[in-house]
Amino acid sequence: MKKNSPQSLPDFQRVFPNEEACYAYLYAARFPNGFICPYCNWFGDAYHFQTRPDMLRCRRCKRDTRMTAGTIMQKSKIPLLTWFWGAFLVTSLTPGMSALQFQKMLGINRYETAFNMLHKLRTAMVRPERDAIGGKWPVEVDETFVGGATQGEGHGRHHKSLVGGIVEIRPRIKAPGPDPNLPFGQRPQHRGGHGRDVIAGRLRLHILPNRKQEALKPFILKNVQPGTEVRTDGWAGYDNLEKLGFRHKVVLIQGDHTKMDQHLPMIHIVFGNLDVWLLGTHHGVSPKHLQGYLNEFVFRFNRRFWPLVAFDSVLKIAARVKPPTYEQLYNGTWDHPG
Ligand SMILES: [Zn+2]
């Protein structure tokens, strides 16, 4: 196990005793091959200041660069150590944390600050260049409505959001190999599953504007490798999958929900877990922030066999992902390019 992935609180304390240790980690994560000056392209080990750990000075042109510039921590008044504590808490607790728990545990004064930190950490839960899933494994694709049970506003779908889900079906005999998302080739710690001969592989979840082909097409094209066997229900929105280069397997259900669970079992387990998580851990989620929560859920799901490396992976991504602007954070338009 990588030494930078703390496995307990004392471990965390030892690896990250102070602000300087966090900056040293960030420096290594941001400049794995050495510092490159953004002004003059000078390459080498930047000059460090004892009293200003965020500042790096180019040894040639003498200009300064902030280490947190261009990361999710940029312009934050929160100490880096608190960010690291936050990433550690969020990734080591199995279901994650609510913003209120997060605020209390980290001793943050304002709820909004805690909420913003958590939401920025969620943006570091999607690798910008993550690859399409499927390939030699079939995938199940379906849509579901989430949220909506807002207090005092009655029932109905008026606050519900449509979410598309894609999950890989892998044979149980093969435990997932080293995580292709991670550079160190860790093996899983245990195997999941529900007493079946298959297990869920990787997952993708995204908000969809509607159930029409025009909405489903880009979602599937972006997330599924060409040629993959794609299992769906008989909804007409999937009628073009063969034309798009997939092997389409229609599972006919015709309104029988007990049969539905037999025929697209994995994606329905995922949707059920998602519902429980959104309500149980986060007490419901507003539509404008939903994609952030979906990203966190997918991150946890895809790393459930490798929980101890999640921390390292969040910070590695955090170190090179541009943060959403305040506006993007709140109007829900933020998403990773590509
Ligand atoms: Zn320079």
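Preceding this section is the structure that the text describes.
Now for a look at the structure at hand. These numbers come from a predicted model, not from an experiment.

### Considering the overall build of the chain
Counting its secondary structure elements, the chain contains 11 helices and 10 strands. Of all 338 residues assigned to the chain, the portion counted as buried reaches 33%. Sequence separation of 24 or more characterises 62% of the internal contacts of the chain that already satisfy a separation of 6 or more.

### A look at the sheet that holds strand E5 (residues 64-66)
What the three strands build is an open sheet, ordered E3-E4-E5; its pairing is antiparallel. With partners counted over all chains shown, the strands left at the sheet margins are strand E3 (47-48) and E5, one partner each. Bridge analysis of strand E4 (residues 55-57) against E5 gives three bridges, and the strand direction is antiparallel. Opposite Leu56, over in E5, you have Thr65 as the bridge partner.

### Side note on the nonpolar core
Within the largest apolar cluster, 65 residues are counted, with the highest numbers of intra-cluster contacts made by Phe84, Ala87, Leu121, Val167, Val270, Val314 and Ala318. Looking at this core, the element that brings in the most residues is helix H3 (residues 80-92), giving eight residues. When sequence neighbours within four positions are dropped, the list of residues in contact with Val270 reads Gly165, Val167, Ala200 and Leu203.

### Some details on the sheet that holds strand E9 (residues 229-232)
Here we have five strands laid out as an open sheet, ordered E8-E7-E6-E9-E10, and mixed in their pairing. Where the open sheet ends on each side, the last strands, each with one partner, are strand E8 (198-207) and strand E10 (247-250). Each adjacent strand pair in this sheet contributes to an overall mean axis angle of 30°, direction not counted. Where E9 and E10 come together, four bridges link them in parallel fashion. Following the sheet pairing, Thr232 is matched in E10 by Val250. Its contacts with the sheet put helix H6 (residues 213-223) on strand E6 (139-146), strand E7 (161-171), E8 and E9, and the angle it makes with E7 is roughly 35°. With respect to the sheet, helix H9 (residues 290-302) is in contact with E7 and E8, its orientation differing from that of E8 by roughly 165°.

### Observations concerning unusual backbone geometry
Of note, Lys75 is a non-glycine position whose phi angle comes to about 60°, a positive value. Mapped onto the elements, Lys75 comes out in the loop between E5 and H3.

What counts and what doesn't
- Residues numbered from 1 in each chain as written.
- Predicted model: local features only at pLDDT ≥ 70, side-chain atom pairs only at ≥ 80, totals over all residues.
- Helix = DSSP H or I, 4+ residues; strand = E, 2+ residues; numbered from the N terminus.
- Buried ≥ 20, exposed ≤ 12 C-beta atoms within 10 Å, placed from the backbone.
- Contact = placed C-beta atoms within 7 Å.
- Pairing = 2+ DSSP bridges.
- Core = buried A, V, L, I, M, F, W, Y, C linked by C-beta atoms within 7 Å.
- Axes fitted to C-alpha atoms, helices over the stretch in contact; angles between N-to-C directions.

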